[in-house]
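Letter by letter, the chains look like this.
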Amino acid sequence: MNFKRFINGIERRIKETRRHLKLIVSDLLQNWIASGVVCPIKVRPILYRLSENKIGKGCYLSPRIFLGPGPGKLFVGGGTFINYNCWFDLGDDIIIEENCNIAMNVHFINGTHEIGDNKRRAGKGITKKIVVKSRAWIGADTIIMPGVTIGNGVVVGAGSLVTKDLEDNAIYLGRPASLYRKLE
């Protein structure tokens, strides 16, 4: 019995070590090499794909993009442009469909907490997927919160805070983002 428990403990440690090593290699590929300014533009998507993210054809991924260490994956549709200093939490999946434009300093935050007791207000951690539909344009310094879906052809004005789903073909502005006007 002790020998079996010993072997099970070793197997568990090996699995944990593999998981930690995978995180380290993924972080190295994504956040050090691929996001570096000296990484060739054509190599960048390949390095993100090696870390099990899905990057479509014809995407332009600028340097200094940070991908969090969570269990989620980044899915980027073909023809999408992502500018400098964007931050992807990856507590859950982040899906950006084709032909989108993401300006600089946009934060995709899909992890949050339930309200805790008076000993610690940040309670149990929760994550929710973020979806950006086709042809959307997200302005600079925008923050997108957990569980949000941004509709087809939506324009989100610079500096906005997106806290709820946004309907197709419209312009949204502000903190929190609200409908400015509908588009054809």
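What counts, and where the lines are drawn
- Residues numbered from 1 in each chain as written.
- Predicted model: local features only at pLDDT ≥ 70, side-chain atom pairs only at ≥ 80, totals over all residues.
- Heavy atoms only, no water.
- Helix = DSSP H or I, 4+ residues; strand = E, 2+ residues; numbered from the N terminus.
- Buried < 20%, exposed > 50% of the residue type's maximum accessible area, 1.4 Å probe, protein only.
- Contact = heavy atoms within 4.5 Å.
- Areas by Shrake-Rupley, 256 points an atom, 1.4 Å probe, with all protein chains shown as cover.
- Lys, Arg positive; Asp, Glu negative; His and termini not counted.
- Charge placed at Lys NZ, Arg CZ, Asp CG, Glu CD.
- Pairing = 2+ DSSP bridges.
- Polar contact = N/O pair within 3.5 Å; in protein donor to acceptor, adjacent residues only side chain to side chain.
- Phe/Tyr/Trp six-rings, centres within 6.5 Å; stacked < 30°, edge-to-face > 60°.

A short note on the overall build of the chain
Check the secondary structure of the chain and you find two helices and 19 strands. Judged by the C-alpha coordinates and their principal axes, the chain covers about 70 × 50 × 25 Å. Counting all 184 residues of the chain, 39% fall into the buried class. Counting contacts in the chain only where the partners sit at least 6 residues apart, residues at least 24 apart contribute 20% of the total. When the accessible area of the chain is evaluated, it comes to approximately 10900 Å², of which 58% is carbon and sulfur surface. Averaging the locations of the 27 positively and 16 negatively charged side chains of the chain gives two centres separated by 6 Å.

Regarding the pairing of strand β18 (residues 170–173)
When strand β16 (residues 155–156) meets β18, the two strands line up parallel, connected through two bridges. When the bridges of β18 are listed, V156 appears paired with Y172.

What about the side chain of N31?
You can see N31 is positioned in helix α1 (residues 2–34). Judged by relative accessible area, which is 13%, N31 ranks as buried. Of the polar contacts made by the side chain of N31, one reaches the side chain of D27; its length is 2.7 Å. From its side chain, N31 meets the backbone oxygen of L67 in a polar contact 2.8 Å long. Setting aside chain neighbours within four positions, we find N31 in contact with S26, I65, F66 and L67.

Focus: the packing of aromatic side chains
The relation between two aromatic rings is expressed through the spacing of the ring centres and the mutual angle of the planes. Within this structure, the stated rule accounts for three aromatic pairs. Both rings, one in F66 and one in W87, keep their centres 5.8 Å apart while their planes meet at 15°; by these two values the pair is stacked. With F66 in strand β3 (residues 66–67) and W87 in strand β6 (residues 87–88), this pair connects stretches of sequence that are 21 residues apart. A relative accessible area of 32% places F66 in the partly exposed class.

Things to note about the sheet that holds strand β12 (residues 130–132)
Taking strand neighbours across the sheet as the criterion, the five strands line up as β1-β4-β7-β12-β15 in an open arrangement whose pairing is parallel. Of all strands in the sheet, those with a lone pairing partner are β1 (54–55) and β15 (149–150), marking the two edges. Where β1 and strand β4 (residues 74–76) come together, two bridges link them in parallel fashion. Note that in β4 the partner of K54 across the bridge is F75.

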